[in-house]
Every structure is written in structure tokens, then in C-alpha cells.
Amino acid sequence: MAEYQINKGIGRSVEFKGLKAQYLFIFAGGLLALFVLFIILYMIGINQWICIGFGAVAASLLVWQTFNLNGRYGEHGLMKLGAARQRPRYLINRKRVMRILKERNKANA
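Residues numbered from 1 in each chain as written. Predicted model: local features only at pLDDT ≥ 70, side-chain atom pairs only at ≥ 80, totals over all residues. Heavy atoms only, no water.

**Concerning the packing of aromatic side chains**
Counted according to the given criterion, the structure contains one aromatic pair. Centroid distance F27 to F67: 6.5 Å. Interplanar angle 70 degrees. Geometry classified as edge-to-face. Taken together, the residues span a long stretch of sequence, with F27 in helix α1 (residues 22-44) and F67 in helix α2 (residues 48-73) at a distance of 40 residues. Judged by its relative accessible area of 18%, F27 falls in the buried class. Taking relative accessible area as the criterion, F67 reaches 34% and is therefore assigned partly exposed. (Phe/Tyr/Trp six-rings, centres within 6.5 Å; stacked < 30°, edge-to-face > 60°. Helix = DSSP H or I, 4+ residues; strand = E, 2+ residues; numbered from the N terminus. Buried < 20%, exposed > 50% of the residue type's maximum accessible area, 1.4 Å probe, protein only.)

**Regarding the packing of α1 against helix α3 (residues 77-86)**
Running from N to C, α1 and α3 point in directions that differ by 95 degrees, and their axes come no closer than 9 Å. In terms of their interaxial angle, α1 and α3 are classed as roughly perpendicular. From α1, Q22, Y23 and I26 reach across to α3, where they touch G77, L78 and M79. (Axes fitted to C-alpha atoms, helices over the stretch in contact; angles between N-to-C directions. Parallel < 35°, antiparallel > 145°, perpendicular 65-115°, else oblique. Contact = heavy atoms within 4.5 Å.)

**Some remarks on the packing of α1 against α2**
Relative to each other, α1 and α2 sit at 170 degrees, their axes nearing to 10 Å. Relative to α2, α1 is oriented roughly antiparallel. Contacts from Y23, F27, G30, L31, L34, L37, F38, L41 and Y42 in α1 reach Q48, C51, I52, F54, A58, A59, L62, V63, T66, L69, N70 and Y73 in α2. Across the contact of α1 with α2, the residue classes tally to 17 nonpolar, four polar and no charged. (Nonpolar A, V, L, I, M, F, W, Y, C, P; charged D, E, K, R; others polar.)

**Focus: a nonpolar patch on the surface**
A surface patch of nonpolar side chains, amounting to about 1000 Å² of accessible area, comprises L32, F35, V36, I39, I40, Y42, M43, I44, I46 and I50. The greatest single-element share of the nonpolar patch, amounting to eight residues, is contributed by α1. Residue placement: M43 occurs in helix α1. For M43, a relative accessible area of 68% gives the class exposed. (Patch = residues over 30% accessible without salt bridge, like charges linked within 9 Å, V, L, I, M, F, W, Y side chains within 5 Å. Areas by Shrake-Rupley, 256 points an atom, 1.4 Å probe, with all protein chains shown as cover. Salt bridge = Lys/Arg side-chain N within 4 Å of Asp/Glu carboxyl O.)

**Some thoughts on α1**
The end-to-end C-alpha distance of α1, which contains 23 residues, comes to 33 Å, matching closely the 33 Å that a straight helix rising 1.5 Å per residue would cover. For α1, the set of buried residues is Q22, Y23, L24, F27, G30, L34 and L41. (Expected span 1.5 Å × (residues − 1).)

**Observations concerning the side chain of N70**
Tracing the backbone shows N70 in helix α2. For N70, a relative accessible area of 11% corresponds to the buried category. For N70, the residues in contact, after removing those within four places along its chain, are G18, L19, K20 and Y23.

Here is the structure:
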């Protein structure tokens with residue numbers, strides 16, 4: 001039986017087969033959700049081979065997409081991408097220019 005190293009040291013992020021940090025949890029959660037969906041489809045009465053085909057295609061897409069995101073954005077990339085989407089693109093300042101300059105001069109004095 002093969003042994004896999006999950007963590008390579010204290011203080012380092014979790015890594016398994018190249019997947020790091022949040023991608024590992026996305027991968028595990030996605031596979032769990034696909035398994036539950038497969039069971040639901042089978043219990044509804046959909047043909048067995050259609051369920052197996054759907055499960056295989058969906059799992060392949062999940063694996064490919066997870067490794068693609070891991071390679072593209074890195075360990076903290078998804079958090080950085082989410083933070084970039086939440087910040088405003090520009091700031092609106094509706095004060096008059098002279099008032100801004102006066103406030104700036106008072107602060108410097």
C-alpha cells in the first residue's frame with residue numbers, strides 16, 4: 001500500500017499531489033458533491049450508464065479545473081482575486097478643489 005505525504009513541515013500549507021491550500025478543499029468538496037448527485041440520480045431511476053457517464057465526465061472536469069486554477073493562481077491566488085473584485089475601481093470625491101487644498105494646508109500647519 002502506498003503512503004502519501006500530506007504535510008511537508010510545520011507552518012507550511014497543506015499540499016497533496018500538487019494541490020495546495022484551498023484548492024484541496026475545493027477538490028474534496030466537489031468530489032463529495034458529485035458523489036451525492038450521482039447517488040440522487042441513480043435513486044431517481046435514471047439509467048445506470050448515464051449516471052456513470054455523467055459522474056466520470058463531471059469528475060474529470062472537476063479535476064482538470066481544480067489543477068488549472070491551482071497552476072494559474074497559486075496558493076493564495078483565489079483570495080487575492082476575490083479581494084481585487086471587492087475593492088472599488090475608482091474613488092469619488094465631490095468636494096471642491098479649493099476646499100480640499102484648504103484642509104490640506106490646515107493639516108500641514
